[in-house]
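Analysis of the macromolecular model
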Amino acid sequence: MNLIIDVGNTYTKIGIFEESKIIYKNKIEQHRFKEAIQKIKEEYPLITDAILSSVSNIAENHITYIKNLYNTLILDHLVEMPFKNLYETPSTLGIDRLALVAAAVNQFPNKDVLVIDAGTCITYDFKNKKEEYLGGAIGPGVRLRYESLHNYTAKLPLLQVTDPKNHIGNSTEEAIHSGVVFGILHEINGVIEEYCNIYTDLTVILTGGDAHFLSKRLKNSIFATSNFLLEGLNHILAFNNSK
């Protein structure tokens, strides 16, 4: 069994895998880290290996704690990947994006795949049929757009994510919802179409916290999955353990 830990900006996601099958998943607040891991240790004593990925600051004592419990791989840009990384500045590439590409390699081998992660930011990552990672794009996510409208203007309110009723907003609130949500939908559809013009047999994956909200509104054919990043981390761990 493998323990998969993804430390994000707000929450830590935890998964347990038996080979390639996820059997447990949870999302915890950062201050409950040790408590959650201790509970997992008691309930899943067969776990031997772990991988820890962090796009945020994680306390050193938490890293030490995991290392003392399991054979632990700390993910960084020096860890060997199951694909060829052609990114010009690999040391600046977010390790969460590496995990998403690893999942694409594992689940869609020898295919052109675009992975869209709709979280705090919206990231686009592409790997080709030769299992080469070429790069992608980064843009602001749904909530970041709502917050920026409020924070960088004098009078626009901070709104919760809401499905807009119409493209034409007939109030300030409706105009904000229309601008944010339809703006993102048109952006994603446009990016997909640009890739499809070059790669005619493109597989598109949509994941991240806002994937469910966005997927039913996108016109392009996509695979929406909530576990893609955890699955990628598990594949990276298995790939390194097989050497």
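First, a word on what this report is: a plain description of the structure on this page. All figures in this text were calculated on a predicted structure; none of them were measured in a lab.

Examining the overall build of the protein chain
When its secondary structure is counted, the protein chain shows seven helices and 11 strands. On C-alpha atoms alone, the protein chain measures out to a radius of gyration of 19 Å, which is about the 18 Å that the 2.2 N^0.38 rule sets for 243 residues. Principal axes of the C-alpha set define a box for the protein chain whose edges measure 60 × 40 × 30 Å. By residue count, 47% of the 243 residues in the protein chain fall in the buried class.

A few points about unusual backbone geometry
Residues apart from glycine generally show negative phi values, whereas peptide bonds are mostly found in trans. For glutamate 19, which is not glycine, the phi torsion reads 55° and is therefore positive. If you trace the backbone, glutamate 19 turns up in the loop between strand E2 (11-18) and strand E3 (21-29).

Examining the sheet that holds E3
Spatially, five strands are ordered E3-E2-E1-E4-E5 in an open sheet, and the strand pairing comes out mixed. With one partner strand each, in any of the chains shown, E3 and strand E5 (71-74) form the two edges of the open sheet. Each strand of the sheet is rotated relative to its neighbour by a mean of 15°, with strand direction disregarded. The pairing of E2 with E3 spans eight bridges and is classified as antiparallel.

Quick notes on the side chain of threonine 72
Within the fold, threonine 72 resides in strand E5. Overall, the relative accessible area of 17% leaves threonine 72 in the buried class. Polar contacts involving the side chain of threonine 72 include one to the main-chain carbonyl oxygen of isoleucine 66, which spans 3.3 Å. Apart from the residues lying within four places of it in its own chain, the contact partners of threonine 72 are Ala50, Ile66 and Lys67.

About the thresholds
Residues numbered from 1 in each chain as written. Predicted model: local features only at pLDDT ≥ 70, side-chain atom pairs only at ≥ 80, totals over all residues. Heavy atoms only, no water. Helix = DSSP H or I, 4+ residues; strand = E, 2+ residues; numbered from the N terminus. Rg over C-alpha atoms; globule rule 2.2 N^0.38 Å. Buried < 20%, exposed > 50% of the residue type's maximum accessible area, 1.4 Å probe, protein only. Pairing = 2+ DSSP bridges. Axes fitted to C-alpha atoms, helices over the stretch in contact; angles between N-to-C directions. Polar contact = N/O pair within 3.5 Å; in protein donor to acceptor, adjacent residues only side chain to side chain. Contact = heavy atoms within 4.5 Å.

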